[in-house]
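# Inside the fold
One letter stands for each residue in the lines below.
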Amino acid sequence: MSKTGAYAAKFSKVFDHIDIHLGEALTLEQLSEVANFSKYHFHRQFSEYVGISVIRYVQLMRLKRASYRLVFNRLDRITDIALDAGFENPESFSRAFKNTFGQSPTEFRRNPAWKPWNERYKLLSRERKQSMEVRIVDCEQTKVAALEHRGPPELVNDSASVFIKAARSYVISRCIFAI
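Residues numbered from 1 in each chain as written. Predicted model: local features only at pLDDT ≥ 70, side-chain atom pairs only at ≥ 80, totals over all residues. Heavy atoms only, no water.

### Notes on the packing of helix 4 (residues 54–72) against helix 8 (residues 114–122)
The condition is simple: Note on geometry: axes are lines fitted to C-alpha atoms, helical ones only across the stretch in contact, with angles between N-to-C directions running from 0 to 180 degrees. Starting at the N terminus, helices and strands are each numbered in turn, a helix being any DSSP run of H or I of at least four residues and a strand any DSSP run of E of at least two. Oblique is the label for every angle not falling under 35 degrees (roughly parallel), over 145 degrees (roughly antiparallel), or within 65 to 115 degrees (roughly perpendicular). Note: crossing handedness is left-handed where the near helix turns anticlockwise from the far helix by less than a right angle, and right-handed where it turns clockwise. Contacts are assigned to residue pairs that have any heavy atoms within 4.5 Å of one another. Three categories are distinguished: nonpolar for Ala, Val, Leu, Ile, Met, Phe, Trp, Tyr, Cys and Pro, charged for Asp, Glu, Lys and Arg, and polar for the others, with Gly belonging to the last.
Helix 8 packs onto helix 4 with a crossing angle of 155° between their chain directions and a minimal axis gap of 12 Å. The angle between the axes of helix 4 and helix 8 places the two elements in the roughly antiparallel class. Pair helix 4 / helix 8 crosses with left-handed handedness. Across the interface between the two elements, Arg 56, Leu 60, Met 61, Leu 63, Lys 64, Ser 67, Tyr 68, Val 71 and Phe 72 of helix 4 pack against Trp 114, Trp 117, Arg 120 and Tyr 121 of helix 8. Residues of the contact of helix 4 with helix 8, tallied by class, amount to nine nonpolar, one polar and three charged.

### Details of the environment of Leu 155
Under the convention used in this document: Throughout this description, buried means an accessible area under 20% of the type-specific maximum (1.4 Å probe, protein chains only), exposed means over 50%, and partly exposed covers the range between.
Mapping Leu 155 onto the fold places it in the loop between helix 8 and helix 9 (156–169). Given the relative accessible area of 30%, Leu 155 is considered partly exposed. For the pair Leu 155 and Trp 114, spaced 41 residues apart in the sequence, the C-alpha separation amounts to 6.0 Å. Contact partners of Leu 155, with chain neighbours within four places excluded, come to Trp 114, Lys 115, Asn 118 and His 149.

### Concerning the nonpolar core
Which entries qualify depends on this criterion: Throughout this description, the term nonpolar core refers to a set of buried Ala, Val, Leu, Ile, Met, Phe, Trp, Tyr and Cys residues connected via side-chain atoms within 4.5 Å.
Judged by nonpolar contacts, the single largest core of 39 residues is most densely connected at Val 14, Ile 18, Leu 31, Phe 42, Phe 46, Tyr 57 and Phe 93. Counting residues per element, the ones that place at least two in this core are helix 1 (3–20), helix 2 (28–35), helix 3 (39–50), helix 4, helix 5 (78–84), helix 6 (90–101) and helix 8. Looking at this core, the element that brings in the most residues is helix 4, giving 10 residues.

### Some points on helix 8
For an α-helix the count is 3.6 residues per turn, leaving residues at separations of three or four pointing the same way. In plain terms, the rule: This arc describes the spread of directions from the helix axis toward the C-beta atoms.
All buried positions along helix 8 are accounted for by Trp 114, Trp 117, Asn 118, Arg 120 and Tyr 121. Along the axis of helix 8, the buried residues cluster in a sector spanning 155°; they form a single face.

### Remarks on the packing of aromatic side chains
Formally: Ring geometry is summarised as follows: Phe, Tyr and Trp rings, the Trp one being its six-membered ring, pair when their centres sit within 6.5 Å, and such pairs are stacked at plane angles under 30 degrees, edge-to-face over 60 and tilted between the two.
For the structure on display, the rule yields 22 aromatic pairs. Between Phe 11 and Phe 46 the ring centres are 5.8 Å apart and the planes differ by 70°, which places this aromatic pair in the edge-to-face class. Here the residue Phe 11 occupies a position in helix 1, and Phe 46 occupies one in helix 3, the gap between them amounting to 35 residues. The class for Phe 46 is buried, based on a relative accessible area of 0%. Judged by centre distance (6.4 Å) and plane angle (35°), the ring pair of Phe 15 and Tyr 49 falls under tilted. Of the two residues, Phe 15 is situated in helix 1 and Tyr 49 in helix 3; the sequence distance between them amounts to 34 residues. Residue classification places Phe 15 among the buried residues on the basis of a relative accessible area of 7%. Residue class for Tyr 49 comes out partly exposed when judged on its relative accessible area of 41%. Cluster of aromatic residues (ring-pair linked, three or more members): Tyr 68, Phe 72, Phe 87, Phe 93, Phe 97, Phe 101, Phe 108, Trp 114 and Trp 117.

Printed below as a string of structure tokens:
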């Protein structure tokens, strides 16, 4: 395996670790151990590979999760979302959120600007080059609801909002939503 391929595999493990443990404290030391690098080498290589520091990357992933909760879990209080995202208080969360997305959490909840949101995360795309094992499983019959999104991919979350509002107004035994 080439050095590039080896690094991609190591960073893939780091990304998976971050995704799984996003709600926990994630330190540079801990993540460098996942990659099996010294923390200094890891920090340099991660910044080179992703384009931002690992700490900023983790913060952006937490803000991304928080933005989904703001829009799709409207009963969650902004204070709880801020604390769950690892911020010490709602004010620091609001400041970071507005600096990242150009809207306060309250504004985003009321009228999310998905286009700048998508632009922010487009830079952080992580391509997986590993193959997946696919199994076809027979299940009992299940009612499914679907809504086709037509338009730019950046606006798929607007369609998701429409879908969720419609699904909440009907009794659906099981709802599967795929993007």
